[in-house]
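Reading the structure
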Amino acid sequence: MSEGASDGAHLLHDLETFAFPRAAGGPEERRAAELVRERFESLGLPTEVETFRVGADGVRRLRLRAYGLVAAAIAIVALFPGHLASGLAGVVALLAVPFLSRWNRGIERFFDTGPPIESRNVIARRPGSGEGAPKVVFLAHVDSKSAALPTFVTVVVILAALAALIAGSVSSLAAALGRPGWIGPAGSIPAAVLLAPAVALVAMAFVPTGDRSPGAMDNATGVAVLLELARTAPHDPGLDGAELVFLATGAEEVGLCGAMRWIQRHEAELDRTRTIVINVDSVGVGRSIVLVDARGRIAGRGIGDVLAGPARECDLPVRWLRFLPGVGVDSMPFGARGFATVSVLGGVLGGASRRIHTPSDEVRWIRGPALASATRLANAIAREAARVAG
């Protein structure tokens, strides 16, 4: 690709352009969306803006439901050790965790009530060659937020709570079944040790958010990659004939609501057998790329099979995770509806996680080559998906 080749300069320029606080529903998020619209139009792509409203406290109510269930189960095994019923209650809660960690249509109603905020999605399209053409949806969210505690603290608390639930459940079951050697006698784990992460987990639902983070990693990097893909992908011979959608979502930090509202409006337009959704979020850090929420099928082939070729082609260190505890990504509302999805993240599992949702999420931590690698991988995934679906 000569005209479409990425030299990295556009990526770094756009990263710096969008690295400013832009809370969902606020004037700076609107400014970011307008900048994206101007860039799409300057590339000659048909562009539209869709506004939507969401209940701003939906995330907190969802977290209270999920965290409260786990905390209640921990309290049961901590306060009633050695009982078969308490051990079984802990097991049931543990079995519910994967369900609570995934998006499903049922939770979308939480965002239809409560004090509303208004946000917007910006959409550009490169039409396909016909009605049965493959469709590739690239997306990245434009909003940012700050929180009193960085994301990695939330993840640590969730993992500690799950460990407490497992330990307490096994201890109770072991005593009830006459197998104390499994984890020691029931009651050997002090109740306070089990209850501490439960209390911390519930408290996490009330951590206040603000607008102090420049959001360079999360997610000016994703916006930069999205704009670079909008510049280059339409000129990629491997994507000839495919319909390309470039979707800049708002209100991702309010429960993935931009992605949710877009798919609610446009689900009927998409063919599940020929569509792939590629979300780019928090790239440009670390030495590896993390693929999260990879699920679904394209033209009968599993998404894992479709992703394997591009990962080898780009010769990148790629890690695969089914989900990240306590972390949502914009591909989830699509995957819950049966579409093939993948979220491309950077190496956010290390020290970089300390800066997400903090004022320290600045441009100086972003690596240009890592940004270019994420762009290359997203483009390679799109080419392979279009080939398979074509």
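The paragraphs below set out a description of the structure included in this document. (Residues numbered from 1 in each chain as written. Predicted model: local features only at pLDDT ≥ 70, side-chain atom pairs only at ≥ 80, totals over all residues. Heavy atoms only, no water.)

**With respect to the nonpolar core**
In terms of nonpolar packing, the biggest core is built from 85 residues, with Phe-138, Phe-246 and Ile-278 touching the most fellow members. The dominant element in this core, judged by the number of residues it contributes, is helix α11 (residues 368-389), at 11 residues. Sequence-distant contacts of Phe-138, that is, excluding residues within four places in its chain, are made with Leu-226, Leu-229, Ala-233, Leu-244, Val-245, Phe-246, Leu-247, Ile-278, Ala-378 and Ala-382. Formed by 20 residues, the second largest nonpolar core is a distinct cluster that contains Ala-71, Val-157, Met-204 and Ala-205. (Core = buried A, V, L, I, M, F, W, Y, C linked by side-chain atoms within 4.5 Å. Buried < 20%, exposed > 50% of the residue type's maximum accessible area, 1.4 Å probe, protein only. Helix = DSSP H or I, 4+ residues; strand = E, 2+ residues; numbered from the N terminus. Contact = heavy atoms within 4.5 Å.)

**What to know about a nonpolar patch on the surface**
Taken together, the side chains of Ile-76, Leu-79 and Phe-80 present a nonpolar region at the surface, about 280 Å² in accessible area. Counting through the fold element by element, Leu-79 comes out in helix α3 (residues 58-79). (Patch = residues over 30% accessible without salt bridge, like charges linked within 9 Å, V, L, I, M, F, W, Y side chains within 5 Å. Areas by Shrake-Rupley, 256 points an atom, 1.4 Å probe, with all protein chains shown as cover. Salt bridge = Lys/Arg side-chain N within 4 Å of Asp/Glu carboxyl O.)

**Considerations on the pattern of salt bridges**
Applying the stated criterion across every chain, the model contains 25 salt bridges. Note that Arg-37 and Glu-41 form a salt bridge whose closest N and O atoms lie 2.6 Å from each other. Taken together, the positions of Arg-37 and Glu-41, both in helix α2 (residues 27-42) and 4 residues apart, correspond to about one turn of that helix. For Glu-41, a relative accessible area of 40% puts it in the partly exposed group. Here Glu-267 ties to Arg-337 by a salt bridge, and the two come within 3.2 Å at their closest N and O atoms. Remark: Arg-337 occurs in the loop between α10 (332-335) and β12 (340-345) and Glu-267 occurs in the loop between α8 (257-266) and β7 (275-281); sequence separation between them is 70 residues. Considered together, Glu-267 and Arg-337 belong to a single accessibility category, that of buried residues. Each of the salt bridges in this network shares a partner with another, and the network as a whole consists of Arg-105, Glu-108, Glu-267, Arg-272 and Arg-337.

**Let's talk about the environment of Val-348**
Residue placement: Val-348 occurs in the loop between β12 and α11. Between the C-alpha atoms of Val-348 and Gly-114, which are 234 residues apart in sequence, the distance is 32 Å. In this structure Val-348 touches Met-217, Ser-282, Val-285, Ser-353 and Ile-356, once residues within four positions along its chain are discounted.

**Structural notes on the packing of aromatic side chains**
Under the criterion given, the structure shown has 4 aromatic pairs. Between Phe-40 and Phe-246, the ring centres sit 6.5 Å apart and the planes meet at 45°, which makes this aromatic pair tilted. Here the residue Phe-40 occupies a position in helix α2, and Phe-246 occupies one in strand β6 (residues 243-249), the gap between them amounting to 206 residues. Considered together, Phe-40 and Phe-246 belong to a single accessibility category, that of buried residues. A ring pair is formed by Phe-138 and Phe-246, whose centres lie 5.5 Å apart and whose planes are at 10°; its orientation type is stacked. Highlighted residues: Phe-138 in strand β3 (residues 135-141) and Phe-246 in strand β6, separated in sequence by 108 residues. Residue Phe-138 is classed as buried on the basis of its relative accessible area, which comes to 0%. Assessed through its relative accessible area of 0%, Phe-246 is described here as buried. Members of the aromatic cluster, each reached through a chain of ring pairs, are Phe-40, Phe-138 and Phe-246. Directly above the ring of Phe-20 sits Arg-31, whose terminal nitrogen or CZ lies 4.0 Å from the centroid. Between the NZ or CZ atom of Arg-355 and the centre of the ring of Trp-365, over which it lies, the distance is 4.0 Å. (Phe/Tyr/Trp six-rings, centres within 6.5 Å; stacked < 30°, edge-to-face > 60°. Lys NZ or Arg CZ within 6 Å of the ring centre and 35° of its normal.)

**Re the packing of α3 against helix α6 (residues 191-204)**
Axes are the key here: two packed helices are described by the angle between their axes and the distance separating the axes. Where α3 meets α6, the closest approach of the two axes is 9 Å, and the angle between their N-to-C directions is 170°. Relative to α6, the element α3 is oriented roughly antiparallel. Taking contact as the criterion, the partners of Leu-64, Tyr-67, Val-70, Ala-71, Ile-74, Ala-75, Ala-78 and Leu-79 in α3 are, on α6, Ala-191, Leu-194, Leu-195, Ala-198, Leu-201, Val-202 and Met-204. Of the residues belonging to the contact of α3 with α6, the class tally is 15 nonpolar, no polar and no charged. (Axes fitted to C-alpha atoms, helices over the stretch in contact; angles between N-to-C directions. Parallel < 35°, antiparallel > 145°, perpendicular 65-115°, else oblique. Nonpolar A, V, L, I, M, F, W, Y, C, P; charged D, E, K, R; others polar.)

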